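# Structural description and commentary
Listed below, chain by chain, are the residues.
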Amino acid sequence: MKVIIAKDYEEMSAKAFEIMAGVVKSNPEAVLGLATGSTPIGLYKNMIADHKENGTSYKAIKTVNLDEYEGLDYSSDQSYVYFMRDNLFDHIDIDLANTNIENGKASDAEKECERYNALLETLQQDIQILGIGSNGHIAFNEPGTAFGSVTHVVQLAESTIKDNSRMFASIDEVPKRAFTMGLKNIMNAKKIVILANGANKAKAVYGLVKGEVTEQVPASILQLHPDCTVICDEAAAALIK
Ligand code: GLP
């Protein structure tokens, strides 16, 4: 596990972009595993600026997203499918048909998980971007999730509902359940870049980098990945220095 401590959010985003750009330039047909949340927005801004200024093309790029709230789809601006279009896809030349995310409104959740797992079998991520929850979750794999898990529906932890409520009009509007790639699907990526900024992530970053590898801290599984880079700002790195 490689750890890069950036001085601030801008530097963290720029360093993540360097790695992302390397993957896209070396393989214009790469599969990008993408994440939502506020953390990767700076990376996506760098990708958009580079596309506009340097013409980097995403025409043949494919994407797989980590997770989606149950009950939400593009018609809701809180959905992750909306987030991805708003923060990245609508500003680059990607073919939306090449972008993939769980369908939060699937009538049969189990079938939807099976569909997504089968898709992931055919689309191994050349790079997987991750954020981290303050409780150490990655995607929506909450503490206690089996390391061998694949795409499934989860009951969100109270702390996650509280953390994510800042994106909703009120905490009551935050969905209680979500679809998420499992830890095994994430670990299948050839390369992983996990980003964290801000003091409220310091404890989770400690667990990710220096803690015991345990299902109680889902991100700790990344210590076992052969090509994982942690990029965090000074505040998030407070406990690992
Ligand atoms: C959500 C997402 C995660 C994300 C986490 C942190 O729960 N499912 O993928 O990493 O929040 O979000 P933020 O980047 O906004 O702190």
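Quick notes on the rules
Residues numbered from 1 in each chain as written. Predicted model: local features only at pLDDT ≥ 70, side-chain atom pairs only at ≥ 80, totals over all residues. Heavy atoms only, no water. Axes fitted to C-alpha atoms, helices over the stretch in contact; angles between N-to-C directions. Helix = DSSP H or I, 4+ residues; strand = E, 2+ residues; numbered from the N terminus. Parallel < 35°, antiparallel > 145°, perpendicular 65-115°, else oblique. Contact = heavy atoms within 4.5 Å. Nonpolar A, V, L, I, M, F, W, Y, C, P; charged D, E, K, R; others polar. pLDDT = per-residue confidence, 0-100. Buried < 20%, exposed > 50% of the residue type's maximum accessible area, 1.4 Å probe, protein only. Near = heavy atom within 4 Å. Polar contact = N/O pair within 3.5 Å; in protein donor to acceptor, adjacent residues only side chain to side chain. Areas by Shrake-Rupley, 256 points an atom, 1.4 Å probe, with all protein chains shown as cover. Phe/Tyr/Trp six-rings, centres within 6.5 Å; stacked < 30°, edge-to-face > 60°. Lys NZ or Arg CZ within 6 Å of the ring centre and 35° of its normal. Expected span 1.5 Å × (residues − 1). Arc of directions from axis to C-beta.

## Some remarks on the packing of helix α2 (residues 41-54) against helix α3 (residues 80-87)
The interhelical angle for the contact between α2 and α3, taken along N-to-C directions, is 40°, at an axis separation of 10 Å. For the element pair α2 / α3, the angle class is oblique. Residues Ile-41, Tyr-44 and Ile-48 of α2 form the contact with α3, whose participating residues are Phe-83, Met-84 and Asn-87. Classifying every residue of the contact of α2 with α3 by side-chain character gives five nonpolar, one polar and no charged.

## Focus: the confidence of the model for the protein
The predicted model of the protein has a mean per-residue pLDDT of 97, with 100% of residues at 70 or higher. Looking over the protein, one finds the lowest element-wise mean pLDDT in helix α5 (residues 158-164), namely 93, and the highest in strand β9 (residues 192-196), namely 99.

## A few points about the environment of Gly-131
Along the chain, the position of Gly-131 falls in the loop between β6 (127-130) and β7 (152-155). For Gly-131, a relative accessible area of 16% gives the class buried. Gly-131 sits 68 residues away from Thr-63 along the chain, and the two C-alpha atoms are 16 Å apart. Those residues in contact with Gly-131, other than ones at most four positions away along the chain, are Ala-35, His-137, Ile-138, Ile-194 and Leu-195.

## Focus: the site of the ligand
Lining the immediate environment of the ligand, one finds 13 residues, of which Ser-38, Thr-39, Asp-67, Arg-166 and Lys-201 sit closest. Here an oxygen atom of the ligand sits 2.8 Å away from a polar atom, N or O, in the main chain of Ser-38. Taking Lys-201, its side chain carries an N or O atom lying 2.6 Å from an oxygen atom of the ligand. About the coverage of the ligand: the protein hides 94% of its 390 Å² of free accessible area. Residue composition of the shell around the ligand, grouped by class: four nonpolar, six polar and three charged.

## Here's the deal with the packing of aromatic side chains
Applying the stated criterion across every chain yields a total of five aromatic pairs. Look at Tyr-69 and Tyr-80: their rings are 4.8 Å apart centre to centre, the planes differ by 40°, and that puts the pair in the tilted class. Here Tyr-69 is found in strand β4 (residues 67-69), whereas its partner Tyr-80 is found in helix α3, with 11 residues between them in sequence. Summarising the burial analysis for this pair, Tyr-69 and Tyr-80 share the class buried. Between the aromatic rings of Tyr-80 and Phe-140, the centroid separation amounts to 5.9 Å while the plane-to-plane angle is 15°, which identifies the pairing as stacked. With Tyr-80 in helix α3 and Phe-140 in the loop between β6 and β7, the pair connects residues that are 60 residues apart, well separated along the chain. With respect to burial, Tyr-80 and Phe-140 carry one shared label: buried. What links up through ring pairs into an aromatic cluster is the set Tyr-69, Tyr-80, Phe-140 and Phe-168. Arg-85 extends its terminal NZ or CZ atom over the ring of Tyr-74, reaching a point 4.3 Å from the ring centre.

## Overview of helix α1 (residues 9-26)
Across its 18 residues, α1 extends 26 Å between first and last C-alpha, which sits within 8% of the 26 Å expected from 1.5 Å per residue. Met-12, Ser-13, Ala-16, Phe-17, Met-20, Ala-21, Val-23 and Val-24 are the residues of α1 that are buried. Along α1, the residues classed as buried sweep out an arc of 165° about the axis, all on the same side. With respect to the buried face of α1, the exposed residues turned more than 90 degrees away are Glu-18, Lys-25 and Ser-26. In this structure, the buried residues of α1 make contact with β1 (2-6), β2 (31-34), α2, β6, β9 and β10 (228-233).

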